[in-house]
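Observations on the model geometry
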Amino acid sequence: MKSNYNKAPEYEIYVVDREAPLLEYLLQTITGQSRTKIKATLQGRGIKVDGKNVTQFDFPLKPGMKVAVSKSKRNDSFKNRFVKLVYEDRYLVVVEKAAGILSMAAGHSSLNVKAVLDDYFRKTRQHCTAHVVHRLDRDTSGLMVYAKDMETEQRLEHEWHQIVYDRRYVAVVSGEMEEDGGTIANWLKDNKAYVTYSSPVDNGGKYAITHFHTLNRTTSHSLVEFKLETGRKNQIRVHAADMGHPVCGDVKYGNGDDPLHRLCLHAFLLCFYHPITRERMEFETPIPTAFRSLFK
């Protein structure tokens, strides 16, 4: 298979002789390199399996597959200060977006993740475009998946609730959370000004369920993990405000508490069954350092 990269780094090629998870195989097979270096090569997108970049450490290898290991630690064909490429195969990409960039274009020439990915596909001579299957607000950071073709996009969109089995966010909220955990559920509906409001009884909107777990707290702020059972627009932001602890830096539903000068909401965990291969795909990013700094 022709490499997607114009200036591909040099690779060592290994032909797989047994079934094993990728990282385990690499650690047993590559000599003269530390575990840290091997993991860095994997995270830096310097490993290909049968010609495709893989970053998933438990990717299942089968006999006969070819594993290519870059001699340089990083595969530098993708660089962007707002978007980090976490995983890529021929059907989809998983990215981590920074706060302040839109998921897709809105209006004229706005900075957005789809445009960044389309530019990368063009430069690496991949004949595809990024298809949006779910969105994060401009000011929310974290993990997102984009399809590379219409079939993958359709499957992700139509079977989203069967495919995605765990999605979690972490937020800094205003005030000291009273409860260690629980669930908040109500109906959410947009008014004419596009502000989402909640109702304990059916208001013609959509039923929304959010589970929360308090990770840390001070007298002024709390670090809370939110697990979505439904994915409604502004769900976490409205539910946090409903609890009396709005997300910090939220200009729409907040109370003016803005310790980090950003919306303190980050999508840190995304787990789904691959829409084509049906493999379990699990991605997690660290809680942003700035969030943690408030709880030292």
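Attention in this report is confined to the structure presented alongside it. (Residues numbered from 1 in each chain as written. Predicted model: local features only at pLDDT ≥ 70, side-chain atom pairs only at ≥ 80, totals over all residues. Heavy atoms only, no water.)

1. As for the sheet that holds strand β4 (residues 52-53)
Cut-off, in case you're wondering: We call two strands paired when DSSP finds no fewer than two bridges between them. Runs of H or I in DSSP of at least four residues are treated as helices and runs of E of at least two as strands, each being numbered from the N terminus.
The sheet built from four strands is open, its strands ordered β1-β6-β3-β4 with antiparallel pairing. Of all the strands in the sheet, the pair left with one neighbour each is β1 (11-15) and β4. When strand β3 (residues 47-49) meets strand β6 (residues 66-70), the two strands line up antiparallel, connected through three bridges. Of the residues in β6, the one forming a bridge with Ile47 is Val69.

2. Side note on the pairing of strand β15 (residues 221-228)
Note the cut-off: Think of it in three bands: residues with accessible area under 20% of the maximum for their type are buried, residues over 50% are exposed, and the middle band is partly exposed, with areas taken using a 1.4 Å probe on protein chains only.
In terms of burial, β15 is largely enclosed, as seven of its eight residues are buried. Pairing of strand β11 (residues 164-174) with β15, which is carried by seven bridges, proceeds in the antiparallel orientation. The partner of Ser174 across the bridge, within β15, is His221. Examined bridge by bridge, strand β14 (residues 206-217) and β15 share seven bridges and lie antiparallel to one another. The residue bridging His213 from the neighbouring strand is Glu225, located in β15. In sequence, β14 turns back onto β15 through a hairpin of three residues.

3. Some details on the pattern of salt bridges
What counts, and what does not: Salt bridges are defined as contacts in which a side-chain nitrogen from Lys or Arg sits within 4 Å of a carboxyl oxygen from Asp or Glu.
Inspection of every chain in the model, using the stated rule, returns 15 salt bridges. Residue Arg155 is joined to Glu151 by a salt bridge in which the shortest nitrogen-to-oxygen separation is 2.9 Å. You can see Arg155 and its partner Glu151 sitting in helix α4 (residues 150-158), four residues apart, about one turn around the helix. For Arg155, a relative accessible area of 27% puts it in the partly exposed group. Since its relative accessible area comes to 47%, Glu151 is described here as partly exposed. A salt bridge links Lys227 to Asp166; the shortest N-O distance between them is 3.9 Å. Residue Lys227 is located in strand β15, and its partner Asp166 is located in strand β11; the two are separated by 61 residues in the primary sequence. The class for Asp166 is buried, based on a relative accessible area of 10%.

4. Quick notes on the packing of helix α1 (residues 22-29) against helix α2 (residues 35-43)
How two helices pack is summed up by the angle between their axes together with the distance between the axes. To be explicit about the condition: Fitted lines through C-alpha atoms give the axes, limited to the stretch in contact for helices. The angle between two N-to-C directions lies from 0 to 180 degrees. With respect to orientation, any angle under 35 degrees is reported as roughly parallel, any angle over 145 as roughly antiparallel, any angle of 65 to 115 as roughly perpendicular, and every other angle as oblique. Crossings are classed by handedness, with left-handed meaning an anticlockwise turn of the near helix from the far one by less than a right angle and right-handed meaning a clockwise turn. Any two residues whose heavy atoms approach within 4.5 Å are treated as being in contact.
Packing of α1 against α2 leaves a shortest axis separation of 10 Å and a crossing angle of 135°. Classified by the angle between their axes, α1 and α2 sit oblique to one another. The two elements α1 and α2 cross, and the hand of that crossing is right-handed. Only Arg35, Ile38, Lys39 and Leu42 of α2 make contact with α1, whose side of the interface consists of Leu22, Leu23, Leu26 and Leu27.

5. Digging into helix α3 (residues 113-123)
Rules: Definition of a polar contact: a pair of N or O atoms within 3.5 Å, with one able to donate and the other able to accept a hydrogen when the atoms are protein atoms, and with sequence-neighbouring residues admitted only if both atoms are side-chain atoms.
Of the residues making up α3, those classed as buried are Val113, Val116, Leu117, Asp118, Tyr120 and Phe121. Packed against the buried residues of α3 are β7 (83-88), β8 (92-97) and β10 (141-147). Where α3 begins, the side chain of Asn112 points an oxygen toward the backbone nitrogen of Lys114, at a separation of 3.2 Å. Count one or two residues on from α3 and you reach Arg125, which has phi positive near 55°.

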